Amino acid sequence: TQYGNMYISDDNGLNKFNVYGVVDGETKFTGLNPLPKVGDTITVKGKIKNYKGTTVEIFNAQLVELKVSEGGNEDNPIVDTVTKVTCKEANEIGSKLGADETSETVYVVSGVITEVVNDMFGNLYITDDNGANKFYLYGLFDLNNNRYDSMDPKPVVGDTVTAYGKITNYKGNTVEIKNATMVEFKKGEGNNN
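Residues numbered from 1 in each chain as written. Predicted model: local features only at pLDDT ≥ 70, side-chain atom pairs only at ≥ 80, totals over all residues. Heavy atoms only, no water.

Participant: What am I meant to see in the pairing of strand E3 (residues 41–45) here?
Facilitator: Put simply, side chains in a regular strand alternate between the two faces of the sheet. Residues of E3 alternate between two faces, with Ile 42 and Val 44 buried on one and Thr 41, Thr 43 and Lys 45 left unburied on the opposite face. Direction of pairing for E3 relative to strand E5 (residues 55–67): antiparallel, over a ladder of 5 bridges. Following the sheet pairing, Thr 43 is matched in E5 by Glu 65. (Buried < 20%, exposed > 50% of the residue type's maximum accessible area, 1.4 Å probe, protein only. Helix = DSSP H or I, 4+ residues; strand = E, 2+ residues; numbered from the N terminus. Pairing = 2+ DSSP bridges.)

The structure is reproduced here in structure tokens:
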């Protein structure tokens, strides 16, 4: 919030790009009016840099245009712009796909974590109906593109997560969202982790 370091996306967050600082001429980010916020659309220009071989970014991007978003959830705008489905509906959508086929549509699904299968990548099962229908998230990243093992705090069994991505029918055997992006998580009652 001090320099305007942000992630932008033109496809509902499936491909995020790092903008490391936003300026308008000599005006620093905090002096911009209006101030770009989550959900707004910005156009910036600058030179692309591969920082230390790990992060592709534009450093001190020049603001070209700002379109302020109307309404929606300012904190989690993606949840308001992507099709919401239950765990059962997500499984039904995936089961109609052919083997290794992926949906065109981006879906958002919420549920309570029932099992963490891989605590490095965040492969986990969620349910929104007390376990009657479990849905598989094959890898979990947060909005800052941190992998599950780098999240602090990280969601665990009993917590509720909301995540989005395209649904895949992996080998015709497993319906999943691969590398889901988590937009929110809530600690389960009595969970002190």
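Participant: I tried to follow the pairing of strand E9 (residues 134–142) on my own but got confused; where do I start?
Facilitator: The buried count for E9 comes to 7 of 9 residues, which makes it a mostly enclosed element. Inspection of the sheet shows strand E8 (residues 123–127) paired to E9 by 4 bridges, in the antiparallel sense. Each bridged residue has a counterpart across the sheet, and for Ile 126 the counterpart in E9 is Phe 135. In this antiparallel pair of consecutive strands, E8 and E9, the connection spans 6 residues, and Asn 130 shows a positive phi of 55°. As judged from the 6 bridges shared by E9 and strand E11 (residues 174–186), these two strands associate in the parallel manner.

Participant: Looking at this model, I keep getting lost on the packing of aromatic side chains. Mind explaining?
Facilitator: Each aromatic ring pair is summarised here by two numbers: the centre-to-centre distance and the angle between the ring planes. Applying the stated rule across the entire model yields 3 aromatic pairs. Aromatic pair Tyr 20 and Phe 59: ring centres 5.7 Å apart, planes at 20°, arrangement stacked. Here Tyr 20 is found in strand E2 (residues 17–23), whereas its partner Phe 59 is found in strand E5, with 39 residues between them in sequence. On the basis of relative accessibility, which here comes to 43%, the residue Phe 59 falls in the partly exposed class. Here the aromatic cluster, defined as three or more aromatic residues joined through ring pairs, consists of Tyr 125, Tyr 136 and Tyr 138. Directly above the aromatic system of Phe 59 lies the positively charged group of Lys 49, at a separation of 5.5 Å from the ring centroid. (Phe/Tyr/Trp six-rings, centres within 6.5 Å; stacked < 30°, edge-to-face > 60°. Lys NZ or Arg CZ within 6 Å of the ring centre and 35° of its normal.)

Participant: How do you make sense of unusual backbone geometry when you look at a structure like this?
Facilitator: For residues besides glycine, phi is generally negative; the peptide bonds are generally trans as well. Residue Pro 34 follows Asn 33 across a cis peptide bond; omega there is 0°. For Pro 34, the position within the fold is in the loop between E2 and E3. A cis amide bond links Asp 152 to the next residue, Pro 153, at an omega of 0°. Phi is positive for Asn 179, close to 50°, though the residue is something other than glycine. By the secondary structure assignment, Asn 179 is in strand E11. With a relative accessible area of 41%, Asn 179 lands in the partly exposed category.

Participant: Is there a simple way to think about the pattern of salt bridges in this case?
Facilitator: Pairing between side chains of opposite charge can happen when their charged atoms approach one another. Applying the stated criterion across every chain, the model contains 3 salt bridges. Across the salt bridge formed by Asp 40 and Lys 37, the nearest N and O atoms sit 3.2 Å from each other. Note on Asp 40: relative accessible area 14%, which makes it buried. Lys 37 sits in the partly exposed class, given a relative accessible area of 30%. For Arg 147, the salt bridge identified is with Asp 149, shortest N-O distance 2.8 Å. Overall, Arg 147 belongs to the partly exposed group, its relative accessible area being 28%. On the basis of relative accessibility, which here comes to 30%, the residue Asp 149 falls in the partly exposed class. (Salt bridge = Lys/Arg side-chain N within 4 Å of Asp/Glu carboxyl O.)

Participant: Sorry, what's going on with the environment of Leu 97 here?
Facilitator: Its place among the elements puts Leu 97 in the loop between helix H2 (87–95) and strand E7 (101–118). The spacing of Leu 97 and Ile 167 is 70 residues in sequence and 8.9 Å in space, taken between C-alpha atoms. With near-sequence residues (within four places) excluded, Leu 97 lies in contact with Thr 102, Ser 103, Ile 167, Thr 168 and Asn 169. (Contact = heavy atoms within 4.5 Å.)

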